[in-house]
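As a plain string of letters, each chain reads:
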Amino acid sequence: MVSYDEMYAHVERHVDALKTNKTGDERETYAEVFDRQTLMVLYDYMTRGHIDMIHYPVSTGKEGNVFYATDEDGEGVAVKIFRTSTSTFKRVSKYIEGDPRFKGLTGNRRKLIYAWTNKEFRNLDRYCEAGIPVPEPIAFRKNVLLMEYIGDETGPAPQLKDVAMDDPTAMYDDVVSFIIDGYRDAHLVHGDLSEYNILVWDGEPIMIDCGQAMTADHFNAKEFLMRDIGNINRFFRNRGADIIDPETILAETLKPADDDDLEESEEDYEEEEEDE
Ligand SMILES: Nc1ncnc2c1ncn2[C@@H]1O[C@H](COP(=O)(O)OP(=O)(O)O)[C@@H](O)[C@H]1O
Ligand SMILES: [Mg+2]
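Criteria and thresholds
- Residues numbered from 1 in each chain as written.
- Chains lettered and ligands numbered in written order.
- Predicted model: local features only at pLDDT ≥ 70, side-chain atom pairs only at ≥ 80, totals over all residues.
- Helix = DSSP H or I, 4+ residues; strand = E, 2+ residues; numbered from the N terminus.
- Contact = placed C-beta atoms within 7 Å.
- Near = placed C-beta within 6 Å.
- Nonpolar A, V, L, I, M, F, W, Y, C, P; charged D, E, K, R; others polar.
- Domains from an automatic or database assignment.
- Pairing = 2+ DSSP bridges.
- Axes fitted to C-alpha atoms, helices over the stretch in contact; angles between N-to-C directions.
- Core = buried A, V, L, I, M, F, W, Y, C linked by C-beta atoms within 7 Å.
- Buried ≥ 20, exposed ≤ 12 C-beta atoms within 10 Å, placed from the backbone.

### Concerning the overall build of the chain
Turning to step 1, where the next piece is worked out: Along the backbone of the chain there are eight helices and 11 strands.
Turning to step 2, where the next piece is worked out: Relative to all contacts within the chain whose residues are 6 or more apart in sequence, the contacts with residues 24 or more apart total 63%.

### What about the site of ligand 1?
Turning to step 1, where the next piece is worked out: Taken together, 20 residues lie near ligand 1, and Ser59, Gly61, Ala78, Pro156 and Asp209 sit nearest.
Turning to step 2, where the next piece is worked out: Secondary structure elements with two or more residues in the shell around ligand 1: strand 1 (53-60), strand 2 (64-70) and strand 5 (144-148).
Turning to step 3, where the next piece is worked out: In the shell around ligand 1, the residues fall into 11 nonpolar, six polar and three charged.
Turning to step 4, where the next piece is worked out: In this structure, the shell around ligand 1 is formed jointly by two domains, domain 1 (4-152) and domain 2 (158-275), each of which donates at least three residues.

### Description of the sheet that holds strand 4 (residues 137-141)
Turning to step 1, where the next piece is worked out: Taken in spatial order, the five strands make up an open sheet running 1-2-3-5-4, and their pairing is antiparallel. With partners counted over all chains shown, the strands left at the sheet margins are strand 1 and strand 4, one partner each. On average, each strand axis in the sheet is inclined to that of its neighbour by 25 degrees, with strand direction left out of account.
Turning to step 2, where the next piece is worked out: Pairing analysis gives six bridges linking strand 1 to strand 2, with the strands arranged antiparallel. Bridge pairing links Ser59 to Val66 in strand 2.
Turning to step 3, where the next piece is worked out: Running over the sheet, helix 3 (residues 36-47) touches strand 3 (76-82), strand 4 and strand 5 and is turned about 40 degrees from strand 5.

### Digging into the nonpolar core
Turning to step 1, where the next piece is worked out: With 70 residues, the main nonpolar core has Ile51, Val77, Val79, Val134, Ile206 and Met207 as its most contacted residues.
Turning to step 2, where the next piece is worked out: Considering each element in turn, this core owes the most residues, eight residues, to helix 5 (residues 109-129).

### As for the pairing of strand 3
Turning to step 1, where the next piece is worked out: Buried residues dominate strand 3, accounting for six of its seven residues.
Turning to step 2, where the next piece is worked out: Across seven bridges, the pairing between strand 2 and strand 3 is antiparallel. Looking at the pairing, Gly64 lines up with Phe82 of strand 3.
Turning to step 3, where the next piece is worked out: Once strand 2 ends, the chain turns through five residues before running back antiparallel as strand 3, passing Gly74 with a positive phi of about 85 degrees.
Turning to step 4, where the next piece is worked out: One ladder, built from five bridges, connects strand 3 with strand 5; its direction is antiparallel. The residue bridging Lys80 from the neighbouring strand is Leu145, located in strand 5.

Just geometry here; none of it tells us what the structure is for.
Below, the structure is given as structure tokens:
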């Protein structure tokens, strides 16, 4: 067993943000993200080769940060670290209320955030299985999710909102297919789909931020589905794409499937960790 100090020293050498040349402000920001538990998880990923270096943050949000890292082979990895703070808890709670998979966890902040991390991993996995372009999930543990990094060493792929499109209608059709196929093939509704949660790489859209995605049988699924359609139509209408009527998209999405082999039972998210 390594001591906490040894562990910390190791992680510090492999996380740019923790190095002592940072200004006071930066260090303070990171002190909250890299709490003791999180450092231990990162150390664990480092000893397993999933992470070699954490280079820089690509996003610092209220609920979590995303970092660009490389693994032992030098491949890019996106490290999404959820804060275990009250604000994350509040946002997450509204999606989890009434979801049987989270039964018994709603009173425990840490466990709930861990379950949320697990949920994003599974949602990504499910979208991948269905052939919908999302970052490939690599691992999750506690509040830290590892996934394929979309971008290169010079920076992450831009968000759709910042991309100039040659053919907005073609891009729109792709994104609409994420909604329809996401529902029909992955049995999921994204629930927060917008020009912020789609990255564009090599001219192709990739859906991200799938933590809140809910299964199609969730009591709010239809409402979130309509909201996703509305957001996407609003954005692409402003960009001059040929928009499909929301009712038509909805009907196509909800059309009964020929095969029902995706009717899997809902798993329990409680206290699970990957490859244990
Ligand atoms: N796999 C990834 N590869 C590259 N950049 C990413 C990846 N995942 C997230 N990002 C970047 O981080 C930002 C925040 O990630 P997101 O998952 O949307 O979390 P949130 O919006 O909840 O903070 C994204 O808008 C994107 O710029
Ligand atoms: Mg987002």
